[in-house]
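Below are the chains, spelled out letter by letter.
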Amino acid sequence: MSNTVVITSGKGGVGKTTVTANLGYALARRGVNTLLIDGDVGLNNLDVALGMENRGAYDMADVMAGKCRVSQAILQVPGFPLYIMPSAHAVYSEQIKAGDFRALIARLGASFDYILIDCPAGIEGGFHRAVSASEYAVVVTTPHLSAVRDADKVVALLSGYDLKGVSLIVNRVRGDLLARGETLDPKQISRLLRYPLLGVIPEDDAAAKAGVQAEESSSRTAFEMTAGNMLTGEGRLYDPALRYRGFLGAIRSRLKKNA
Amino acid sequence: MTGEEELRRLRRLLFSDKTRLPCGFAEALKSDLERTLSQYMRLSGRTELFIDIDDRGAYIVHISALADAVYPCKKLNG
Ligand SMILES: Nc1ncnc2c1ncn2[C@@H]1O[C@H](COP(=O)(O)OP(=O)(O)O)[C@@H](O)[C@H]1O
Ligand SMILES: [Mg+2]
């Protein structure tokens, strides 16, 4: 049986799709058989985040309608044990019932170690469907007031579901601001929302290029630590402020401020 | 803005979001509590219910009720 994890947020645009794609890669690089499912209604771009758009002939709606076999709607990312099931187009998405979706996920569970569902934000349609098919939920937020406030509402919504665990990922943390104490600290956010931190991801342009992250980047390191936490529960967190601390760090931070 | 100020604002924001209970929540809770209490005692005054929140975000429920008699155990069992 696989672990099914829904990646959600209170506010849109905080990085759910980016997190799903990068976490998927990080798990697959460790040899974990991972399936990513695009559960985002109409705003589906998980395939784009993976560089896998326009590859498949079928999507989830076709599976549900019995137009193809499940395996025909799943694409493999070349060279990795990483798979993606593209979302249904918005028009069909509404017709997919929570029960049918849950049954599909349960069936897929036999073939994968992890299933990550890129979920719509808390207030949107499709949220219930994705959450009720999952065992674990990860709430993504940025360190901004409005995002954390909406994350708080989503964790309250999630408490109404029968989940084995809920944790937080704080995304787009700017190390320079964190080092100068000018932004919310992910640990404070976790304390206020009263859910544990699964990961801290720095602001990093490379995060948008999950598939082509050949070289080391700060976000890649952070996603690898997050994947490690998922697999072992070890709780190692990336510190975006590290390179801005100390003597050299203070110079970097000042340069960044003046830039 | 400093992180400290943001944290203070956030704390206040979450606090005020939380104290906004669902519509009719206090009334429904109060009438359920009154029903339960009146199985144990004869209520003789108004029941007051007040929901507060502590600085960790936990709810504190204050109830005060007035009764002029407590029913004997017989009635409780039967
Ligand atoms: N850690 C990050 N650093 C820099 N940009 C990011 C990061 N995470 C997400 N982004 C960017 O933010 C935008 C929104 O992200 P996306 O994953 O599509 O959000 P959502 O799926 O929650 O709507 C995208 O342009 C993405 O590239
Ligand atoms: Mg998205």
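Located above this text is the structure these notes cover.
Residues numbered from 1 in each chain as written. Chains lettered and ligands numbered in written order. Predicted model: local features only at pLDDT ≥ 70, side-chain atom pairs only at ≥ 80, totals over all residues. Heavy atoms only, no water.

Draft legend 1. The arrangement of the overall build of chain A in detail. Counting its regular elements, chain A contains 11 helices and 8 strands. Taking 2.2 N^0.38 as the reference for a compact globule, 259 residues should give roughly 18 Å; the C-alpha atoms of chain A span a radius of gyration of 18 Å, in line with that estimate. Overall, the C-alpha framework of chain A stretches about 60 × 40 × 35 Å when taken along its three principal axes. The proportion of buried residues among the 259 residues of chain A is 55%. Here the contacts in chain A between residues at least 6 apart in sequence split such that 74% fall between residues at least 24 apart. Accessible area of chain A: about 11500 Å², with a carbon and sulfur share of 50%. (Helix = DSSP H or I, 4+ residues; strand = E, 2+ residues; numbered from the N terminus. Rg over C-alpha atoms; globule rule 2.2 N^0.38 Å. Buried < 20%, exposed > 50% of the residue type's maximum accessible area, 1.4 Å probe, protein only. Contact = heavy atoms within 4.5 Å. Areas by Shrake-Rupley, 256 points an atom, 1.4 Å probe, with all protein chains shown as cover.)

Draft legend 2. Focus on the packing of helix α9 (residues 186-193) of chain A against helix α1 (residues 3-19) of chain B. Contact geometry for α9(A) and α1(B): axes closest at 11 Å, N-to-C directions at 15 degrees. Between α9(A) and α1(B), the angle is such that the two are roughly parallel. Crossing of α9(A) against α1(B): the hand is right-handed. Contacts from A:Gln188, A:Leu192 and A:Leu193 of α9(A) reach α1(B) at B:Glu4, B:Leu7, B:Leu10, B:Arg11 and B:Leu14. Here the contact of α9(A) with α1(B) is composed, by residue class, of 5 nonpolar, 1 polar and 2 charged. (Axes fitted to C-alpha atoms, helices over the stretch in contact; angles between N-to-C directions. Parallel < 35°, antiparallel > 145°, perpendicular 65-115°, else oblique. Left-handed = near helix turned anticlockwise from the far one by under 90°. Nonpolar A, V, L, I, M, F, W, Y, C, P; charged D, E, K, R; others polar.)

Draft legend 3. Focus on the interface of chain B and chain A. Listed as interface residues are 16 residues of chain B and, on the opposing side, 14 residues of chain A. Both faces considered, chain B and chain A share a buried interface measuring about 1300 Å² in area, 61% of it formed by carbon and sulfur atoms. Together, B:Glu6, B:Leu10 and B:Leu14 form the three largest contributors to the area buried by chain B at its contact with chain A, with a combined 35%. Summed over the shared surface of chain B and chain A, the result is 0 salt bridges. Joining chain B to chain A, the criterion identifies 1 residue pair in polar contact (both at pLDDT 80 or more). Of the residues that constitute the side of chain B that touches chain A, the class distribution is 6 nonpolar, 3 polar and 7 charged. (Buried area = accessible area lost by both parts, 1.4 Å probe. Salt bridge = Lys/Arg side-chain N within 4 Å of Asp/Glu carboxyl O. Polar contact = N/O pair within 3.5 Å; in protein donor to acceptor, adjacent residues only side chain to side chain.)

Draft legend 4. Representation of the pattern of salt bridges. All names here are of chain A. Applying the stated criterion to the full structure yields 14 salt bridges over all chains. The shortest N-O distance in the salt bridge between Glu 224 and Arg 220 comes to 3.2 Å. Highlighted residues: Glu 224 and Arg 220, both in helix α10 (residues 218-232), separated by 4 residues, approximately one helical turn. Assessed through its relative accessible area of 23%, Glu 224 is described here as partly exposed. Taken together, the shared-partner salt bridges connect Arg 29, Glu 216, Arg 220 and Glu 224 into one network.

Draft legend 5. Region of interest: the side chain of A:Gln188. With respect to the element layout, A:Gln188 can be found in helix α9. Residue class for A:Gln188 comes out buried when judged on its relative accessible area of 17%. Those residues in contact with A:Gln188, other than ones at most four positions away along the chain, are B:Glu4 and B:Leu7.

Draft legend 6. Molecular detail of the environment of A:Ala121. Residues and elements named next belong to chain A. You can see Ala 121 is positioned in the loop between β5 (114-118) and α6 (127-132). The exposure class assigned to Ala 121 is buried, which follows from its relative accessible area of 2%. Contact partners of Ala 121, with chain neighbours within four places excluded, come to Thr 8, Ser 9, Gly 10, Lys 11, Gly 12, Lys 16 and Phe 127.

Draft legend 7. Molecular detail of the environment of A:Ala210. Along the polypeptide, A:Ala210 turns up in the loop between β8 (197-202) and α10. If we skip the residues at most four places from it in the chain, A:Ala210 touches A:Ala21, A:Asn22, A:Tyr25 and A:Ala49.

Draft legend 8. Expanded view of the site of ligand 1. All names here are of chain A. Surveying the vicinity of ligand 1 reveals 14 residues, the closest of which are Lys 16, Thr 17, Thr 18, Asn 171 and Asp 204. A distance of 2.5 Å is found between an oxygen atom of ligand 1 and a side-chain nitrogen or oxygen belonging to Thr 18. About the coverage of ligand 1: the protein hides 77% of its 570 Å² of free accessible area. Broken down by secondary-structure element, the contributors of at least two residues to the shell around ligand 1 are α1 (16-29), β7 (165-173) and β8. (Near = heavy atom within 4 Å.)

Draft legend 9. Structural context of the packing of aromatic side chains. Residues and elements named next belong to chain A. This model, assessed by the stated rule, comprises 3 aromatic pairs over all chains. A centroid spacing of 5.4 Å and a plane angle of 65 degrees characterise the contact between Tyr 83 and Phe 112, whose relative ring orientation is edge-to-face. Separated by 29 residues along the polypeptide, Tyr 83 in strand β4 (residues 82-85) and Phe 112 in the loop between α5 (98-108) and β5 bring together distant segments of the chain. If you follow Arg 129 out to its NZ or CZ, it ends over the ring of Phe 101, 5.9 Å from the centre. Positioned over the ring face of Tyr 244 is Arg 243, at 5.2 Å from the centre of the ring. (Phe/Tyr/Trp six-rings, centres within 6.5 Å; stacked < 30°, edge-to-face > 60°. Lys NZ or Arg CZ within 6 Å of the ring centre and 35° of its normal.)

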